[in-house]
Structure formats: C-alpha cells, structure tokens
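Listed below are the residues making up each chain.
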Amino acid sequence: MKSKYYNRDLSWLLFDNRVIDQAYNQKVPILEKLRFLAIASNNLDEFFSVRMHNIHSMIGSKKVEKRTGLTGNEVLELVYEFNIRNMTKQYEAFSLLMESCKDRNIFQLLKYRELSDFEKQNVKDYYHSNIADELVVKTFTTEHKFRHNLNILMQSQGYTYTIAIPNDLGRLIPTGVEDHYVLIEDLILHVADEIFQKYDILKSYIFRVTYDKNKKYDFLDEKLTDKQYLTKMTQYLNERDLRKITRIEFAADGSRGRSYFAQLFGISKKSVYKIPGPVDLKLLNGFFKLYKSQKNLVFAPFTANKWNESKNILRYLDKSPLFLKYPYDSFSVFLNYLETAVDDPKTTAISITIYRTEKNSQLVKLLQRAAKKGIKVTALVELRARFDEEHNLLVSELLSSSGVKVLYGDRVNKVHSKVCLVQQGNDGDGYVQIGTGNYNAVTSNVFSDVSYFTSNKAYVVDAIKFFERLSDHQEVDYDLLVTSPNQMKPMILNNIKRATKDYLRTGKGSVFMKVNGLTDIDVINAIYSAARLGLPFRLIVRGPCSLKLGLCGAKEDIVVQSIVGELLEHSRIFNFNYGDQEQEVWISSADMMTRNLDRRVEVAVPVVEEKPKKKLLKMIKMYLKDTENSYFLNANGEYFKKHKIFGISTQQTWLKRLKWRKYVN
C-alpha cells in the first residue's frame, strides 16, 4: 500500500535544495549566493549531527517507519541519493560563482599550481611561519576522534597517518597578490615536503568526519529539584562527546573511492561522500566577511521601523495594542517595552521565558537591573535549547546572582514559548507580549517573526496563569491562551472540524497555516479528512512537510507553499475561516510537528483585538500572493516555482515599504 506521508528527513533535504537554489537566482547578489551555499552546508552539518541518530537507531533495531513503511537502510539510501542531487547542484553553483567572481575582478580562489612563482614563495613563507609547527602527524586509528573540521589522510607503504588542520588558522590564505587566495589544505598538500618525505607518503587526501551529537537528555525526571536538575545538566554537558560517525566527506582528487573510506572507518558506504570540490563550503562565509562592504555584492541594507522615543510605549498600550513583524519592525521596540517597564514605578513584577538569546544580551541586563530595583523578576530559562545549553546555564547564573527568580520549567517537556509579562498591581493590570520568535537581538534581524503587545486584561490574566503553571507544574484553564502538550493539538483539530462543518453547510470556509514544519500525523490526517470534503487549505511550510497531495479525491483543494528568500521565514500563523464569515487568527510558538505539540510547552493565542487582527489578515493575503520566493509542492513530492513576468515577493515588498515609514507607532 502506498504511504500517505513523506519521510520527514527526506523532506528536510528538499528544503536544503531550495536553499541551494538561491545561488541560481539572478536577483540575488553574488556574495549572498555564496552565503546561501554556505548556509546549505551548515544545514547539512546539523542534519548529520542531529537527524541521522534516528535513522541509525532504525537500522540497529531493524524497525520500519510506520508512517512511510521504509526501513532504516532504505531511508539511508534515499538520504544519500537526495544529498548527491543537492551536492551536485551546490558544487555546480560554486564553480559558476567562482568564475563569475574572477570575471568581475572581485576575488580569485586559486589552486596552488595556478599561483605565480611570487605567490608560491609568499604562501610557502606563510606556511613555515604560521602553519608548519601546528601540524602533528598521528598514526591512523578508528578509536581516534577527529575533532578538527578538516584532516589529511596520508598513506605510505603499509602505514596510514592523519594530520588535523587547526581550525583557528582559517581556510583562506592570501597569496600576496590583492584578492588572490589559496585554500589552507591545498597549500599544506603542496609545501609540507618535510612531512611527506619523513613518512614516505605516497598518497594524501583531505577528509572530514561528522559525528552524531544527538545525545538524549536521559536524566529527565519531573521529581528533580532545581539543584539536582542543574547538576545533571552540567554532568550531561561534560560527558557529551562525539559519538557514532554519521558521515565521511573526502576530496575527489585522489584514486581512492567511497568503498576504501567506508572500510577504513567501518561505516556504511551510504554514509561516505566524494566531494567534487573543496570539502565544506562554509569556507564561503570567509569571502562574505571580506567583501561585504562592497554594497553592490550584498543585499541592500534596510532600516527597520523603530519606536518613537518621544512617546511612552506603556501609555500607548494602555489605549491600543501593538503588532510587529520582525525584522521590518525592529527588535529594539521590544527592548524599549521592557526598559520602560523596568523604569516605570508602577511595575511590580516581570516574567519572561528565555530559549535562545545572544551573548552580552541587553535583555539579560535589563532583567538584572529590574531585580536590583526591587521588581519581582521571574525568568524561565530553558536549558535544553540544543547546543545552547552552556550559554543558557551562564544566563541562568547571571540572572540568579542578580536576584532574579530563575525557573527551569517542565522537567520533561521543553519550554519553547515566547511570553513576556509586565504586572502593575495584583488585579490583572499590566501588559503582555506574545511572539513567535526568540528574544534574540541578532537573529531578529534576519528571522521573520511576529510579536503581539497588549494591555487587554484577558491576555494579561492568562499570562499570569501561564507563569503560575510553569512554577507549580499544574495545568490551568485559560480564557484565550492554549498551550501544549495538552491543549494546542485539540484546538487545531477542533477548529479544522468546525471549519469543515461550516463549509459543508454554507460552501464557504478555509484554513491557512504558516509554519516551519508540518509532520504531525494527527494534524495531517485531519487535513486529509477535511480536504476530502472540499475544505480549502493554504499551507505555507518553510521546511519539512510530510503531507502529500493528490490523496483526497476530486474535491481536494490544498496548496503547499514554501517561501525561501533573503530572510528566514519563522513565524507561525493560523487562520480558520468559518462559513458564517467569522474567522479566528492565531499566532504561536509551535510548528505542526509532534515534538512541538506533544513534547513541548508551547503557546498559541488568538488575536481578537481588531487592529492587530486586521494587520495579521493583510499579512496572510500578502504571503499568499508571493510567487518570487515561493516554491510549490506537487503530487510527485517535488517543489517547483511559478514563473511570472510581474511576480510578487512578500519580503521585498515589505522591505521596500520601509522607506515610507520610520516608526511603528
């Protein structure tokens, strides 16, 4: 029987293909094209570090994936096929862009053999002064953990050696001629004569090892005290190390092939990749940093709308809600909201959830200042933000030492909500901000998110209950908010059912969802059931999408769209249109993925106030008009673009409008 669902990981790789596709977009400046190729490489590193764990677990347990009927080995084979397709496309773009950079006299990335005698002498001198003493030859052993990004494999008669290339030396070596560069690995292979002669090296290869970093938080227990939890988390971080090898990459300019490396490292050939160019194209970030000052080579800078400092944001919220869309509206507006609350003598308490924030965060400093002023400050710091655990431990220590009450949340379910509550009194007076993105002043410049500020008592009281729930771990009833893991999925399913009933009664109605991932089977099945009856669905899913088209019969009216452009689409928005012209518009921190709906503490809230609701509905209409940055899913599981002479880019439309406004208020 044909599966009703796409495999999540394979769909994720299709997203990476769409990222690579930006390098072929004529409207994208050349350095940005290089950066998209680097982003695709970084995405794939994360995939092999985090997602491959589940595939190898399937192989080890000989399990079959229920949703697709695929075995672990079948998924691994398909992962290889999808990646080869992506890699071929990526390196073809790389070659074209390197030629273009050369032709436009921007820079040249040269091979050592292409250098002039003058350049060769320069880079040899650089090698002996800066590199030679850093290289350590070791005998190859499968027990060794390759912690450096790049390594050299060397073969002599009967022996195999390795050299780790130090990460801190950089990949791009200037040759002494302006805008000419050679890769550090290419330089070493051609000038490290003393090493090659000493060990009688016959063959050498550049290679890279990726390890499984998806170590489970196997210490979680709802009975853990804060002290026990912190101790366990610290111990977890100290013990987390490189695990099973999930990928080997090697440069294709040698005689050895995939079978040799698979045998050498004792892994499946399906996990070995022969790279048709430089290994790891994250090196292209180096060129971006070097040449981004040339404005014609990068996206045009923009100035986001800010808050008019002559007005008090809290007094504004007393009269009207505020709805922002980042990065078109500046994250500094949120910081203004928080700072104004800290300085307002009526503020009695501030509560916030922190998932990922930047280093040296202004947000953290404001919370510290509030606590020192005597304001009751509560911060839930989620320690389990993957690969940000150490940073979040530091944040929690900084806050705690300043008098902030630090919560560590649900011991079992990760807290991913974005809520900031300001209380002024004990009867529900105050303000609340609810958003879809992290409180991060860096990522908010490139992530497209929404943020809702209001003094509406229904929202404020719900936020108070929410933080009480985080503190005492007891479920509560809300007036407007819904939370996961127990309330959000039923809300989504019930609203789809209601829209379906009204559609059957009136012939009118629809459902819109904008998320980063759609993989939850219950939600997908609800969409299938409603679509069989004709209810229209418009789904914007940036990343993995397990829903298939063409399964719901003649009445099916589902459009799946993925927007990939200058900014990273990150907001989660739901619109339920009912037959009696009533409609609900929601924003949420949650994607339609099982981890978000069943294993995390997420928040969704309906936008009921008229002004922000109208703004949000206009945003939805604009998203659905997008053709320039949109890819559409077809019944074969592939994504395609609709080519129009006068297409619309939602992102570029909003960016262009910034010149007509300066303030959000």
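Quick note: structure is the one above.
Report follows, based on the coordinates.

About the criteria used
- Residues numbered from 1 in each chain as written.
- Predicted model: local features only at pLDDT ≥ 70, side-chain atom pairs only at ≥ 80, totals over all residues.
- Heavy atoms only, no water.
- Helix = DSSP H or I, 4+ residues; strand = E, 2+ residues; numbered from the N terminus.
- Rg over C-alpha atoms; globule rule 2.2 N^0.38 Å.
- Buried < 20%, exposed > 50% of the residue type's maximum accessible area, 1.4 Å probe, protein only.
- Pairing = 2+ DSSP bridges.
- Axes fitted to C-alpha atoms, helices over the stretch in contact; angles between N-to-C directions.
- Parallel < 35°, antiparallel > 145°, perpendicular 65-115°, else oblique.
- Left-handed = near helix turned anticlockwise from the far one by under 90°.
- Contact = heavy atoms within 4.5 Å.
- Nonpolar A, V, L, I, M, F, W, Y, C, P; charged D, E, K, R; others polar.
- Disulfide = S-S within 2.5 Å.
- Arc of directions from axis to C-beta.
- Salt bridge = Lys/Arg side-chain N within 4 Å of Asp/Glu carboxyl O.
- Phe/Tyr/Trp six-rings, centres within 6.5 Å; stacked < 30°, edge-to-face > 60°.
- Lys NZ or Arg CZ within 6 Å of the ring centre and 35° of its normal.

**Notes on the overall build of the chain**
Of the regular secondary structure elements, the chain holds 19 helices and 28 strands. Here the C-alpha atoms of the chain give a radius of gyration of 27 Å, agreeing with the 26 Å that 2.2 N^0.38 yields for 665 residues. Each of the three principal axes of the chain carries a C-alpha extent, and together these read 80 × 65 × 55 Å.

**Some points on the pairing of strand S27 (residues 630-633)**
A regular strand places its side chains so that they alternate between the two faces of the sheet. Neither face of S27 is left uncovered, since the one carrying Ser630 and Phe632 and the one carrying Tyr631 and Leu633 both have all their residues buried. Inspection of the sheet shows strand S21 (residues 558-563) paired to S27 by three bridges, in the antiparallel sense. Bridging from a neighbouring strand, isoleucine 563 pairs with serine 630 of S27. Bridge count for S27 against strand S28 (residues 639-640) is two bridges, and the pairing is antiparallel. Paired with phenylalanine 632 across the bridge in S28 is phenylalanine 640. Two successive antiparallel strands, S27 and S28, enclose a turn made up of five residues, where glycine 637 displays a positive phi of approximately 85 degrees.

**Focus on the packing of helix H12 (residues 362-372) against helix H13 (residues 389-401)**
Following both chains from N to C, one finds H12 and H13 inclined at 25 degrees, their axes separated by 9 Å at the closest point. Taken together, the axis directions place H12 and H13 in an arrangement best described as roughly parallel. Read as a crossing pair, H12 and H13 show a hand that is right-handed. Note on element contacts: H13 touches H12 through Val395, Leu398 and Leu399, opposite Val364, Leu367 and Gln368. Along the lines of polarity and charge, the residues of the contact of H12 with H13 split into five nonpolar, one polar and no charged.

**Considering the sheet that holds strand S3 (residues 150-156)**
Pairing within the open sheet is mixed, and its six strands lie in the order S2-S4-S3-S7-S8-S9. Single-partner strands in this sheet number two, and they are strand S2 (137-139) and strand S9 (272-275). Strand-to-strand twist of the sheet, defined as the mean angle between neighbouring strand axes without regard to direction, takes the value 30 degrees. Of the strand pairs in this sheet, S3 and strand S7 (residues 203-211) are connected by five bridges, and their pairing is antiparallel. Looking at S7, one finds that leucine 153 is bridged to tyrosine 205. Along the sheet face, helix H8 (residues 258-265) touches S3, strand S4 (159-165), S7, strand S8 (245-251) and S9 and points at about 140 degrees away from the line of S8.

**A short note on the state of the cysteines**
Under the criterion given, the structure shown has zero disulfides. Just so you know, cysteine 552 is unpaired, no disulfide at all, and the nearest cysteine sulfur is the one on cysteine 545, 12 Å from it.

**With respect to the side chain of arginine 51**
You can see arginine 51 is positioned in helix H2 (residues 30-61). Assessed through its relative accessible area of 17%, arginine 51 is described here as buried. When residues no more than four places from it in sequence are discounted, the contact partners of arginine 51 are Arg8, Asp9 and Glu46.

**Let's talk about the environment of methionine 233**
One can find methionine 233 in helix H7 (residues 226-239). Each C-alpha atom, one on methionine 233 and one on leucine 518, is 30 Å from the other, the two residues being 285 residues apart in sequence. Beyond its immediate stretch of four places on either side in the chain, methionine 233 contacts Tyr217, Phe219, Leu383, Arg384, Glu389 and Leu393.

**Quick word on helix H9 (residues 284-291)**
All of the buried residues along H9 are Leu284, Phe287, Phe288 and Tyr291. Viewed end-on, H9 has its buried residues packed into an arc of 100 degrees, placing them on one side of the element.

**Observations concerning unusual backbone geometry**
With omega at -5 degrees, the peptide bond leading from tyrosine 326 into proline 327 counts as cis. One can find proline 327 in the loop between strand S10 (322-326) and helix H11 (332-343). In this chain, serine 484 is followed by proline 485 through a cis amide linkage whose omega measures 15 degrees. When you line up the elements, proline 485 lands in the loop between strand S18 (482-483) and helix H15 (488-506). We note that aspartate 179 has phi near 70 degrees; this positive angle belongs to a residue other than glycine. Counting through the fold element by element, aspartate 179 comes out in the loop between strand S5 (172-174) and strand S6 (180-183). Of note, aspartate 280 is a non-glycine position whose phi angle comes to about 75 degrees, a positive value.

**A closer look at the pattern of salt bridges**
A full pass over the atoms with the stated rule returns 37 salt bridges. Among the ionic pairs, arginine 171 bridges to glutamate 185, the shortest N-O distance being 2.6 Å. Here arginine 171, found in the loop between S4 and S5, pairs with glutamate 185, found in helix H5 (residues 184-191); they are 14 residues apart in sequence, far enough to count as distant. By the burial criterion, arginine 171 is buried, and glutamate 185 matches it. Glutamate 249 serves as the salt-bridge partner of arginine 247, at 3.4 Å between the closest nitrogen and oxygen.

**Describing the packing of aromatic side chains**
Tallied over the full model, the rule gives 37 aromatic pairs. Between the aromatic rings of phenylalanine 146 and phenylalanine 207, the centroid separation amounts to 5.2 Å while the plane-to-plane angle is 80 degrees, which identifies the pairing as edge-to-face. With phenylalanine 146 in the loop between S2 and S3 and phenylalanine 207 in strand S7, this residue pair connects regions lying 61 residues apart in the sequence. No difference in accessibility class separates phenylalanine 146 from phenylalanine 207, as the two residues are buried. Ring plane angle 80 degrees and centroid distance 5.3 Å describe the contact between tyrosine 452 and tyrosine 459, whose orientation is recorded as edge-to-face. Take tyrosine 452: its relative accessible area is 1%, and that puts it in the buried class. On the basis of relative accessibility, which here comes to 0%, the residue tyrosine 459 falls in the buried class. The rings of Tyr326, Phe331, Phe334, Tyr337, Tyr439 and Phe453 are connected pair by pair, giving a single aromatic cluster. Between arginine 498 and the ring centre of tyrosine 578, over which it is positioned, the NZ or CZ distance is 3.8 Å.

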